[in-house]
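What follows is the residue order along each chain.
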Amino acid sequence: MALDTKKRSAEPGEIARNTSEHLFVSWSAQGGLKQVVIDRAAGSWLYSGQRRILDFSSGLVNVNLGHSHPKVVRAIQEQAERLCYVTPSFGEEQRAELARLMAEVTPGDLTKTLFTTGGTEANEHAIRIARMFTGRHKIMTQYRSFHGQTQGSMTLGGDNRRWANEPGITGIVRFFNPDPYRSPYGASAQAALAHVEEVLWYEGPQYVAAILLEPIVGYAGLIIPPAGFLTGLRELCDKYGILLIADEVMTGFGRTGKWFAVDHENVVPDMMTFAKGVNAGYVPLGGVIVNSKIAKHFDTNVLWAGLTYAGHPLACAAGVATVNAYRDEGIIERGAKMGELLMKELKALGAKHPSVGDVRGRGLFAGIELVKDRGTKEMLEAWNRPSVKLQTAIKNALMSRDVYTLNRWNLIFAAPPLTVSEDELRLGVKAIDEALDVADRFAATGELPA
């Protein structure tokens, strides 16, 4: 069959048909899927023909800089004209410059980066480096967490998406999250740390290479640990010679109102993984940055790690432009200010809607937890359970108002681009306000819109 090489713009119906017949859509049963076809994007907006949809989740919480930022687009174009690819064994300007910038903006003595194509590979390489450096095997992580979906990183996470891929890799030990809203430790960092140390002693701290965690949990529930927990975890790791790895894939690059979530407690991890906001998702990119002690270890020991596309020039050029935009345009500071407004508006919704049990967040990274009863805190749709009817109904209610958010079980995320305007922010909150009527009705009657 001859290929049609004539360049043309496909009609939305053709795109939808090709998707249905030839493309797997992530995390979905494939039959009956109906996708909105997006043909362009700018700022906080997605466009489907004449329809305009407010992206109130920054894609998958990665388009921190907004869509189609001209400096990043231009950097990709200019790099494509010069050099699209060269193997990691060669030096290349953009990957070297981005590595230098990473050493500047990350805390403490984090100094040397191994680039990957995304967050899951960053976490895979982080645990591999930790095991090579320490000679130990076990890695401790939190139950409510998500670290990616390759074989190692999916085992690290406690998210239910790991179930289809188990048993996974060996040596992963989980502990319970400190969750001020739900955990038995409440807001006590010390009680939570005592639990971590108890798990350590059951596992043998001398066998634990690293504790890896999201400083603020993302997809698994947007859980913010109590003040002092990260500081205490740093001290616990130092006590037992364990590495602390911060997964900043979702929380990094201004999402929480600071460059990185660990900056809220001035904690310096031994390693940090990143992706998403490093170049706002414009070209796939991630990485792991390590401290000087770990970096020096590999001066004389082979780093058994790497990828064909490690430090891809197009991705790194986008990264350099993105980091410079964050700095030059005051975007992280602006995002922090807009985050204060977002939390104020969402808390007002919480007071208004009986189905809202908790509103929490930092910066432009907020979540609304839905409950059947505020007193018992019974989840309106139980986490990790089969039903997603409420989630689907809320998403449909929002999309009918041309607003896109992420929502999982009983949590609605609000994470617009750091460049969001005040008018756009209020528009998104208004749509969430109206969609919460669906949750209120479900809490009261168990019924959803037909």
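Just so we're clear, the structure is a prediction, and the values are computed from it rather than from any experiment.

Reading guide: rules and limits
- Residues numbered from 1 in each chain as written.
- Predicted model: local features only at pLDDT ≥ 70, side-chain atom pairs only at ≥ 80, totals over all residues.
- Heavy atoms only, no water.
- Salt bridge = Lys/Arg side-chain N within 4 Å of Asp/Glu carboxyl O.
- Helix = DSSP H or I, 4+ residues; strand = E, 2+ residues; numbered from the N terminus.
- Buried < 20%, exposed > 50% of the residue type's maximum accessible area, 1.4 Å probe, protein only.
- Axes fitted to C-alpha atoms, helices over the stretch in contact; angles between N-to-C directions.
- Parallel < 35°, antiparallel > 145°, perpendicular 65-115°, else oblique.
- Left-handed = near helix turned anticlockwise from the far one by under 90°.
- Contact = heavy atoms within 4.5 Å.
- Nonpolar A, V, L, I, M, F, W, Y, C, P; charged D, E, K, R; others polar.
- Pairing = 2+ DSSP bridges.
- Phe/Tyr/Trp six-rings, centres within 6.5 Å; stacked < 30°, edge-to-face > 60°.
- Lys NZ or Arg CZ within 6 Å of the ring centre and 35° of its normal.
- Core = buried A, V, L, I, M, F, W, Y, C linked by side-chain atoms within 4.5 Å.

Visitor: Give me the pattern of salt bridges: which residues, what numbers.
Guide: Enumeration according to the criterion identifies 21 salt bridges in this entry. Across the salt bridge formed by Glu203 and Lys138, the nearest N and O atoms sit 2.6 Å from each other. Note that Glu203 is positioned in helix α7 (residues 189-203) and Lys138 in strand β5 (residues 138-142), a separation of 65 residues in sequence. For the salt bridge of Lys352 with Asp433, the shortest nitrogen-to-oxygen distance reads 2.9 Å. Note that Lys352 is positioned in helix α11 (residues 331-352) and Asp433 in helix α13 (residues 422-445), a separation of 81 residues in sequence. When its relative accessible area of 53% is taken as the criterion, Lys352 is described as exposed. By sharing partners, the salt bridges in this structure join Glu97, Arg100, Glu104 and Arg327 into a single network.

Visitor: Requested: an account of the packing of α11 against α13, with residues and values cited.
Guide: A pair of packed helices is captured by two measures, namely the crossing angle of their axes and the spacing between those axes. The geometry of α11 relative to α13 is characterised by a closest axis approach of 10 Å and an angle of 20° between their N-to-C directions. Our classification of the angle between α11 and α13 gives roughly parallel. You can see that α11 and α13 cross each other, and the crossing is right-handed. When α11 is examined against α13, the residues Met338, Leu341, Leu342, Glu345, Leu346, Leu349 and Lys352 are found in contact with a partner set consisting of Glu422, Leu425, Arg426, Val429, Ile432, Asp433 and Leu436. Here the residues of the contact of α11 with α13 sort into 9 nonpolar, no polar and 5 charged.

Visitor: I'd love a proper account of the sheet that holds strand β10 (residues 286-291), names of residues and values included.
Guide: Reading across the sheet, the 7 strands line up as β4-β10-β9-β8-β7-β5-β6 and stay open at both edges, with mixed pairing between neighbours. Of all the strands in the sheet, the pair left with one neighbour each is β4 (110-116) and β6 (172-175). On average, adjacent strands in this sheet sit at an angle of 20° to one another, irrespective of strand direction. Direction of pairing for β5 relative to strand β7 (residues 208-213): parallel, over a ladder of 3 bridges. Note that in β7 the partner of Met140 across the bridge is Ile211. Helix α9 (residues 292-300) contacts β4, β8 (243-247), β9 (271-274) and β10 of the sheet and is inclined by roughly 95° relative to β10.

Visitor: Could you give an account of the packing of aromatic side chains, with specific residues and numbers?
Guide: Geometrically, a pair of aromatic rings is defined through the distance of the ring centres and the angle of the planes. Overall, the coordinates contain 11 aromatic pairs when judged by the stated rule. Here the aromatic residues Phe115, Phe253, Trp259, Phe260, Phe274 and Tyr326 are joined through ring pairs into a cluster of three or more. Over the ring of Tyr47 we find Arg40, and its NZ or CZ is 4.0 Å from the ring centre. It is Lys377 that lies over the ring of Tyr181; its NZ or CZ is 4.4 Å from the centre.

Visitor: Give me the nonpolar core: which residues, what numbers.
Guide: If you look at the biggest cluster of nonpolar residues, it comprises 92 residues, and the most contacted ones within it are Phe229 and Leu370. Beyond its immediate sequence surroundings of up to four residues, Leu370 is in contact with Ser355, Val356, Gly357, Met379, Leu380, Leu390, Ile394, Asn410, Ile412, Leu436 and Ala439. Leu114, Ala126, Val288 and Phe298 belong to the second-largest nonpolar core, a separate cluster that totals 19 residues.

Visitor: Which residues make up helix α12 (residues 389-399), and what values do they have?
Guide: Of the residues making up α12, those classed as buried are Leu390, Gln391, Ala393, Ile394, Ala397, Leu398 and Met399. Its buried side turned inward, α12 meets β3 (51-55), β12 (365-373), β14 (403-404), β15 (407-408), β16 (411-414) and α13.

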